[in-house]
Amino acid sequence: MQISFGAMDPIFSNKLRLPSFYQTVPDESSQLEGISQLLKHFSWSWVGILVPETESGERALRQLTTLITESGGCVEFSHMLPVTGLDQDITLRQELIFMGILKSTAQVIILYGSGMETFFFLYHSIELHMSPKVWIVFGDEDLGNLYLFPYYWKPLNKIITFKIKKGEIIGFKDFLHGVNPAMFPEYGPLDVLWEQFFQCVPAGRGIKNVFNHPVCSGNETLQGVDVPRYDVVNFRNTFSVYTAVYALAHALHEMLESPSKEGTAGAAGSFHQDLKPWKVNKFLQKIHFKTPAGAEIGLDDNGEVPALFDVLATDVFPDGTTPSVQVGTFDSSAPPGHQLSINMSFLAWNSFGPLHISLVASHQIPRSVCSESCLPGYRKAPIEGKPICCFYCVPCAEGEYSNSTDMETCIKCPEDQWPIDRKDGCIQKAIVYLSYGDFLGAVLALVSIVLSLSTAGVLGVFLRYRDTPIVKANNKHLSYALLLSLMLAFLTSILFIGRPALLACLIQQVAFGIIFTLSLSCVLVKTITVVIAFNAIKPGSRLSRWLGSQVSAAMVLVCTLGAVVICLTWLLTYPPHPATDTQSEIGKVILQCDNGSAIAFYGILAYMGLLAFASFTVAFLARNLPDRFNEAKLITFSMLVFCSVWVSFLPAYLSTKGRYMVAVEIFAILASSAGLLGCIFIPKCYIILFRPDINKRCI
């Protein structure tokens, strides 16, 4: 059975190998966890690590690297410091380490201290070459040794250490303040201290007085004397020894108080004869007591005390002083997120002047990162071949944003929102559609109304001169029907303008399909009528019975019925409906009518194309018939215009999006309708109004 007051190696926590080993100090694993949380607290993600070339140093390096990586940090460099070997070999390896540190950008270096050799390797040229760094020292190194070498440590920014929590030992400080060598007859460490701190030799010791110091007066005391190499003020290591002694004493006391349970004799005298280490072991496992100062002491299931550390910040000034300030605590038993506590008001960083000569206190926390943080609106892009802490800052892509620093990926805005200019948030997209307020929408609406009124004017002319030969020559009733359908076709385009609603979406394509089919049916029947009329005048022809108005009306209705069937099927299966388009225009939500069934839409276009092609074919064949008022030539040209418009419409319609797609369809409706009106009726109106002499001659 052993009770350790200083062993911090994690190997001693292995209860399978050392079941009866107890510690009154926490092991190094707790220090490593505290360092990891300290790095995260100050956002130090880019660090270097120096450890001695020993088994414990290698283990500490491995554990610390794992903790730093798991918390999102990176190790820029790690070096094993040589502690044994030929002097020439050590010097060469040290120089290589120097060069590696000088090239590094990490402002925080973690040093594992297992002896003075971890400090000596820096002494050659650190003062001349290295910029100020923050050093985090852990292990069992005593920073009091630094006072021996103040010159070499001037460039240090700050040394942060995790020290065992200090404890109060009642009366011990008064004892130390009153102690002197005369209290101990034999030569001991006090003789060395007195010679070092008071430059005198204790009387009656027979010490070789190399420096010719005078004999001490006997009144010298340690009160008020700074003794940096010894724990005579804070009682940290001393308190661990104190705890170990008291733990054993309490275990023995418990054992003595219950002799019957251990099979020992009741008499106190026989207790010493029956004292066995394995018996004490049972009582140590459950030891729990309070010190005279009120501190609670208890060992956990692993035979260890809870990990309680004071976080100290130490400065090394050129005058050799090494003041330390407690700036926080670490308690491994606290809930996650509350284990490390740092009081920033107690922590002042050193700002070095030119050549590191002057020191100025600053509350600006030193930065130790491979890459500066990416601001909101950017994301981190890894640099190939570098650790994850090294990255580029890339602006978020279109439609994405980032609202915090160092985001790995940008976030897509909701479909109805768009990033603001800085791309650190989203705003509502502008809602757009082809409206009467737009210049384009207003122009198209105005043109449709003007063309509709023009068609009404032409209809009025035809009604006014209905008994003239040019009107009567080509079935005036079909002309009236064609003009009415064209007037409605012009007005149909207005249905496509304005905020899309369910009723408008249902009507616009259906009305467009049926009305245009009616117009083309009238043109086709007019063309067929010309052919029939020419052949009906031949002797013995029976075609004259097909020239009646009822027959023409029936043919128009039959042709139009095909479009009606397609449109009814369209409405009953997959009708048009209002929809939103968030992709066509950046930062905008386009309201539009979804055609629903693409097959029905292109089916009605194909049906109108079939009627137009039939009209063109018949009119082309009848264009040279000997009739003064033969309008076959006019119909042929109008069908060329009509087909040209709709053939051009298809690629233009498919290549545009949003409101421009609607505008293309409106333009096609207006252009093709205007083509029919202009090619068929304008020449006739010219003859009626300006050449009445021609209108009176009829062959």
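Structural data are supplied above this passage.
Attention here is on the structure that accompanies the text. Note that the coordinates shown come from a computational prediction; the quantities given were computed from them, not determined experimentally.

**Describing the state of the cysteines**
Logical step 1: Overall, the coordinates contain 7 disulfides when judged by the stated rule.
Logical step 2: Between the sulfur atoms of Cys-505 and its disulfide partner Cys-593 the distance amounts to 1.9 Å. Taking the torsion about the sulfur-sulfur bond, which here is approximately -75 degrees, the covalent link between Cys-505 and Cys-593 counts as left-handed. Of this pair, Cys-505 sits in helix 15 (residues 502–536) while Cys-593 sits in strand 23 (residues 588–594); the two residues are 88 residues apart in sequence, bridging distant segments of the chain.
Logical step 3: Among the residues examined, Cys-593 registers a relative accessible area of 18% and is labelled buried.
Logical step 4: The closest cysteine sulfur to the non-disulfide-bonded Cys-522 is located on Cys-559, 9.4 Å from its own sulfur.

**Comments concerning the sheet that holds strand 21 (residues 430–432)**
Logical step 1: Strands sit in the order 21-23-22 across an open sheet of 3 strands; the sheet is mixed. One side of each edge strand has no neighbouring strand; the edge strands of this open sheet are strand 21 and strand 22 (577–581). Across the sheet, the mean angle from the axis of one strand to that of its neighbour is 30 degrees, orientation sign disregarded.
Logical step 2: In terms of strand pairing, strand 21 meets strand 23 through 3 bridges, oriented parallel. What sits directly across from Ala-430, in strand 23, is Lys-588.

**Quick word on the pairing of strand 23**
Logical step 1: Counting buried positions along strand 23 yields 5 of 7 residues, so the element is predominantly enclosed.
Logical step 2: Both strand 22 and strand 23 contribute to a ladder of 5 bridges, which runs antiparallel. Directly across from Asp-581, in strand 23, lies its bridge partner Ile-590.
Logical step 3: Here strand 22 folds back onto strand 23 in antiparallel fashion, the turn holding 6 residues, of which Gly-587 has a positive phi close to 75 degrees.

**Here's the deal with the packing of helix 14 (residues 476–492) against helix 19 (residues 659–690)**
Logical step 1: Between helix 14 and helix 19, the least distance of the axes is 9 Å, while the angle of their chain directions is 155 degrees. Of the possible angle classes, the one that applies to helix 14 and helix 19 is roughly antiparallel. As for how helix 14 packs across helix 19, the hand of that crossing is left-handed. Contacts from Ser-479, Leu-482, Leu-483, Leu-486, Ala-489 and Phe-490 of helix 14 reach helix 19 at Ile-669, Leu-670, Ser-673, Ala-674, Leu-676, Leu-677, Ile-680 and Phe-681.

**Overview of the packing of aromatic side chains**
Logical step 1: Taken as a whole and assessed by the stated rule, the structure comprises 19 aromatic pairs.
Logical step 2: The ring of Phe-391 carries the charged tip of Lys-380 above its face, separated from the ring centre by 4.8 Å.
Logical step 3: In this structure, Arg-464 is placed above the aromatic ring of Tyr-465, and the distance from its NZ or CZ to the ring centre is 5.2 Å.

**Observations concerning helix 18 (residues 632–655)**
Logical step 1: In a regular helix each residue adds 1.5 Å, so 24 residues correspond to 34 Å; helix 18 covers 35 Å between its end C-alpha atoms and thus fits that length.
Logical step 2: Among the residues of helix 18, Ala-632, Ile-635, Thr-636, Ser-638, Met-639, Phe-642, Val-645, Trp-646, Phe-649 and Tyr-653 are the ones counted as buried.

Reading the values: rules and limits
All chains use their own residue numbering, which begins from 1 and follows the written sequence. The model is predicted, so local features are restricted to residues of pLDDT at least 70 and side-chain atom pairs to those at 80 or more, both for listing and for counting; the totals for chains, interfaces and linings are taken over all residues. No hydrogens and no water enter the side-chain calculation; it runs on all heavy atoms of the structure. Cysteine sulfur pairs qualify as disulfides if the two atoms are within 2.5 Å. Secondary structure elements follow DSSP: runs of H or I no shorter than four residues count as helices, runs of E no shorter than two count as strands, and numbering proceeds from the N terminus. When accessible area is computed with a 1.4 Å probe and restricted to protein chains, residues below 20% of their type maximum are described as buried, those above 50% as exposed, and intermediate ones as partly exposed. One requirement defines pairing of two strands: DSSP has to find at least two bridges between them. For helices, the axis comes from a line fit to the C-alpha atoms of the stretch in contact; other axes are also lines fit to C-alpha atoms, and the angle between any two N-to-C directions lies between 0 and 180 degrees. For classification purposes, an angle smaller than 35 degrees is called roughly parallel, one larger than 145 roughly antiparallel, one from 65 to 115 roughly perpendicular, and anything else oblique. In this scheme the crossing of two helices becomes right-handed for a clockwise turn of the near helix relative to the far one and left-handed for an anticlockwise turn of less than a right angle. Throughout, a residue-residue contact means that at least one pair of heavy atoms, one from each residue, lies within 4.5 Å. Classification of ring pairs uses Phe, Tyr and Trp, with its six-membered ring standing for Trp, and accepts pairs whose centres are within 6.5 Å; under 30 degrees between planes counts as stacked, over 60 as edge-to-face, and the remaining range as tilted. In this analysis the charged atom, NZ for Lys or CZ for Arg, is taken to sit over a ring once it is within 6 Å of the ring centre and within 35 degrees of the ring normal. To estimate how far a helix should reach, multiply one less than its number of residues by 1.5 Å.

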